[in-house]
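Tertiary structure, described
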Amino acid sequence: MNWREENEAYMASLAEKDGYEKWPGGVYGKFLAKAETGTDAKKPRFDSVVTCHYTGRLINGKVFDDSRAGGVPAAFRVRELISGFQIGLTHMRAGDKIEVYIPWAQGYGNRACGADIPAYSTLIFEIELLSIN
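All figures in this text were calculated on a predicted structure; none of them were measured in a lab.

**Considering the pairing of strand β4 (residues 63-66)**
Where strand β3 (residues 49-57) and β4 come together, three bridges link them in antiparallel fashion. Looking at β4, one finds that arginine 57 is bridged to valine 63. Linking two consecutive strands that pair antiparallel, namely β3 and β4, is a turn of five residues; a positive phi of about 90 degrees is found at glycine 61 within it.

As structure tokens, then:
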């Protein structure tokens, strides 16, 4: 099985697992923690700036990015992120923590991204949304 097939099979396996939600574009999400009841129910929009901690890894477990490594949360404008990350964020509220599973078509597609992310890679991000501006 080649890398593309392995990644596609991995994503297909999520449909049969409990606790995973399927979102647009074939993106899957699994909530690890939900914001406390009574917190602001606002979710990010595409023009929002969000502050979050995140760890990105491949299906083989290789970590390619980790905001905690620098000790400072990352701030992004949602519309400037890859499609799958956008989809995950727009399902969150400040205080939520999720794992988002991004199929290659909603990530970097059929091209590699640097030395760490091969073409056709499923991207798995653990995201903790700290604030929405």
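**What to know about the side chain of asparagine 7**
Mapped onto the secondary structure, asparagine 7 falls in helix α1 (residues 3-14). The buried category is assigned to asparagine 7, whose relative accessible area is 0%. A distance of 2.7 Å separates a polar side-chain atom of asparagine 7 from the backbone nitrogen of threonine 122. Residues within four places of asparagine 7 in sequence aside, it is in contact with Ile59, Tyr120, Ser121 and Thr122.

**What to know about the packing of aromatic side chains**
According to the stated counting rule, one finds 10 aromatic pairs in the structure shown. Judged by centre distance (6.3 Å) and plane angle (75 degrees), the ring pair of tryptophan 23 and phenylalanine 31 falls under edge-to-face. Through a chain of ring-to-ring contacts, the aromatic side chains of Tyr54, Phe64, Phe76, Phe85 and Phe125 assemble into a single cluster. In this arrangement the basic side chain of lysine 34 is found over the ring face of phenylalanine 31, its NZ or CZ atom lying 4.1 Å from the centre.

The rules behind the values
- Residues numbered from 1 in each chain as written.
- Predicted model: local features only at pLDDT ≥ 70, side-chain atom pairs only at ≥ 80, totals over all residues.
- Heavy atoms only, no water.
- Pairing = 2+ DSSP bridges.
- Helix = DSSP H or I, 4+ residues; strand = E, 2+ residues; numbered from the N terminus.
- Buried < 20%, exposed > 50% of the residue type's maximum accessible area, 1.4 Å probe, protein only.
- Polar contact = N/O pair within 3.5 Å; in protein donor to acceptor, adjacent residues only side chain to side chain.
- Contact = heavy atoms within 4.5 Å.
- Phe/Tyr/Trp six-rings, centres within 6.5 Å; stacked < 30°, edge-to-face > 60°.
- Lys NZ or Arg CZ within 6 Å of the ring centre and 35° of its normal.

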